[in-house]
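One-letter residues, chain by chain:
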Amino acid sequence: MEGYLQALYDYVQEARIAACLETWEYRRATYDLEADWTAFRATLTADQDRRLDALLTRERSAGALEDEAVFRCGLSIGVGLGRL
């Protein structure tokens, strides 16, 4: 069962997420985000930039685990509702 869930999760990540994020709310939330990060990082020393990268990597890893947990919960709820 784990392999099936992982394959389904990978499919959603690769083929379905982008379409779901094509919303006005997402565009508004991310508008100029990259430019703001670039401007902020330009103010950091090399050591601060390296430390920030390490923290962001850890944060992304934790976020990915949370996303997968939410996906699994949603799928479980959907299957349960489908049985009603």
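Residues numbered from 1 in each chain as written. Predicted model: local features only at pLDDT ≥ 70, side-chain atom pairs only at ≥ 80, totals over all residues. Heavy atoms only, no water.

Quick look at the overall build of the protein chain
Phase 1 of the analysis: The number of helices and strands found in the protein chain is four helices and zero strands.
Phase 2 of the analysis: Of the regular secondary structure in the protein chain, the N- to C-terminal order runs α-α-α-α.
Phase 3 of the analysis: Since a compact globule built from 84 residues should have a radius of gyration of about 12 Å, the 18 Å found for the protein chain marks it as more spread out than a globular shape.
Phase 4 of the analysis: Principal axes of the C-alpha set define a box for the protein chain whose edges measure 55 × 30 × 20 Å.
Phase 5 of the analysis: Approximately 7,200 Å² of the protein chain is accessible, and the part contributed by carbon and sulfur atoms is 60%.
Phase 6 of the analysis: For the protein chain, the separation between the mean place of its 10 positive charges and that of its 15 negative charges on side chains is 3 Å. (Helix = DSSP H or I, 4+ residues; strand = E, 2+ residues; numbered from the N terminus. Rg over C-alpha atoms; globule rule 2.2 N^0.38 Å. Areas by Shrake-Rupley, 256 points an atom, 1.4 Å probe, with all protein chains shown as cover. Lys, Arg positive; Asp, Glu negative; His and termini not counted. Charge placed at Lys NZ, Arg CZ, Asp CG, Glu CD.)

Remarks on the environment of Leu-75
Phase 1 of the analysis: Position of Leu-75 relative to the elements: it lies in helix H4 (residues 46-82).
Phase 2 of the analysis: Take Leu-75: its relative accessible area is 26%, and that puts it in the partly exposed class.
Phase 3 of the analysis: A sequence separation of 66 residues divides Leu-75 from Tyr-9, and the C-alpha atoms of the two residues are 9.8 Å apart.
Phase 4 of the analysis: When neighbours within four sequence positions are excluded, Leu-75 is seen to be in contact with Leu-5 and Leu-8. (Buried < 20%, exposed > 50% of the residue type's maximum accessible area, 1.4 Å probe, protein only. Contact = heavy atoms within 4.5 Å.)

Points about the pattern of salt bridges
Phase 1 of the analysis: Applying the stated criterion across every chain, the model contains six salt bridges.
Phase 2 of the analysis: For Glu-2, the salt bridge identified is with Arg-72, shortest N-O distance 2.9 Å. With Glu-2 in helix H1 (residues 2-20) and Arg-72 in helix H4, this pair connects stretches of sequence that are 70 residues apart.
Phase 3 of the analysis: Measuring nitrogen to oxygen at the nearest pair gives 2.3 Å for the salt bridge that ties Asp-53 to Arg-41. Note that Asp-53 is positioned in helix H4 and Arg-41 in helix H3 (residues 33-41), a separation of twelve residues in sequence.
Phase 4 of the analysis: For Asp-53, a relative accessible area of 35% puts it in the partly exposed group.
Phase 5 of the analysis: Exposure remark for Arg-41: the relative accessible area of 23% places this residue in the partly exposed category.
Phase 6 of the analysis: Through salt bridges with shared partners, a single network forms among Glu-2, Glu-68 and Arg-72. (Salt bridge = Lys/Arg side-chain N within 4 Å of Asp/Glu carboxyl O.)

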